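# Descriptive structure summary
Below are the chains, spelled out letter by letter.
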Amino acid sequence: MSRQVPLGVLISGSGSNLQAIMDAIKEKRLDAVIRIVISNRDDAYGLVRARNHNLPTEIVDHRKFPAREAYDQALVDLLKTHDVELVVLAGFMRLLSPVFVRAFSNRIMNIHPALLPAFPGLHVQRKALEYGVRFSGCTVHFVNEECDQGPIIIQAAVPVFPDDTEESLSARILKEEHRIYPRAIQLYSEGRLHVVGRRVLIDDLEKLEDQALVYPPLKG
Ligand code: GAR
């Protein structure tokens, strides 16, 4: 059963994932309503995108708080004031303390530009290139108290080409981010996600047999 899940979206930068979520709501692929967009930076382009969609925005600058916990409590208070149920981290480049994670337990999603648990942390597209993996991709996961280690909801894999740069690989991954993030939120909206230990069980999930990706290809 689907309903309009009240979202709070946290950003720090371009906000292209925010844009993908706003577009999915508009095109009725996603049953959700964005109650508030919060940025820790006043120059985040995502704020412009949000205002263009007439969404309420807030800037909460982490530098104005004495400690991480105080900052996170301010975010929690703001999100609760706006009756947010699900917190969506969309390029929000801040670690969350237990104060935040416990206030929205299993109700915070993050998107990460690698196939977790490979390449947690920062600059992960460059790290994937340097390592020489044949596939990288992106992961949407619930946030727990360990950075980039929460239960995985959905992943998309892309090939890594020999002539890729950090920019070209990032762009290929970002395109998939825009497809999987709205989908993950829609699965939540439909009540199909169940966190059991480390795993996310998904109701009525189709199996894809014989659909292995191979790169380089077996022929040619
Ligand atoms: C995205 O690639 C997202 O996966 C990444 O930041 C970018 C934000 O782009 N997030 C992280 O690295 C989180 N550790 P956007 O502002 O255009 O959505």
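We now turn to the structure provided with this report. (Residues numbered from 1 in each chain as written. Predicted model: local features only at pLDDT ≥ 70, side-chain atom pairs only at ≥ 80, totals over all residues. Heavy atoms only, no water.)

Secondary-structure assignment places Met109 in strand β5 (residues 108-112). Judged by its relative accessible area of 0%, Met109 is buried. Taking the C-alpha atoms as reference points, Met109 and Ile36, separated by 73 residues in sequence, lie 15 Å from one another. (Helix = DSSP H or I, 4+ residues; strand = E, 2+ residues; numbered from the N terminus. Buried < 20%, exposed > 50% of the residue type's maximum accessible area, 1.4 Å probe, protein only.)

What follows is about unusual backbone geometry. A cis geometry characterises the amide bond from Leu116 onward to Pro117, with omega recorded as 10 degrees. Looking at the secondary structure, you find Pro117 in the loop between β5 and α5 (124-131). With omega at 0 degrees, the peptide bond leading from Tyr215 into Pro216 counts as cis. Here Pro216 lies in the segment after β9 (199-202). Even without a glycine there, the phi angle at Lys28 is positive, about 60 degrees. If you trace the backbone, Lys28 turns up in the loop between α1 (16-26) and β2 (32-39).

Now for the site of the ligand. Near the ligand you find Ser14, Gly15, Ser16, Asn17, Gly91, Met93, Ile111, His112, Pro113, Leu174 and Glu177, and these make up its full shell. Between the ligand and Asn17 there is a distance of 2.9 Å, counted from an oxygen atom to a backbone nitrogen or oxygen. A total of 450 Å² of accessible area belongs to the ligand in isolation, and the protein chains cover 84% of it. Those elements that place two or more of their residues in the shell around the ligand are α1, β5 and α6 (166-189). Counted by class, the shell around the ligand contains 4 nonpolar, 6 polar and 1 charged residues. (Near = heavy atom within 4 Å. Polar contact = N/O pair within 3.5 Å; in protein donor to acceptor, adjacent residues only side chain to side chain. Areas by Shrake-Rupley, 256 points an atom, 1.4 Å probe, with all protein chains shown as cover. Nonpolar A, V, L, I, M, F, W, Y, C, P; charged D, E, K, R; others polar.)

The next subject is α5. One turn of an α-helix holds 3.6 residues; hence residues three or four places apart share an orientation. By the burial criterion, the buried members of α5 are Val124, Gln125 and Ala128. Each buried residue of α5 sits inside an arc of 105 degrees when the element is viewed along its axis, so together they form one side. Residues of α5 that are buried in the fold lie against β5, β6 (135-142) and α6. At the exit of α5 stands Gly132, carrying a positive phi of roughly 90 degrees. (Arc of directions from axis to C-beta. Contact = heavy atoms within 4.5 Å.)

Don't take any of this as a statement about function, it's just geometry.
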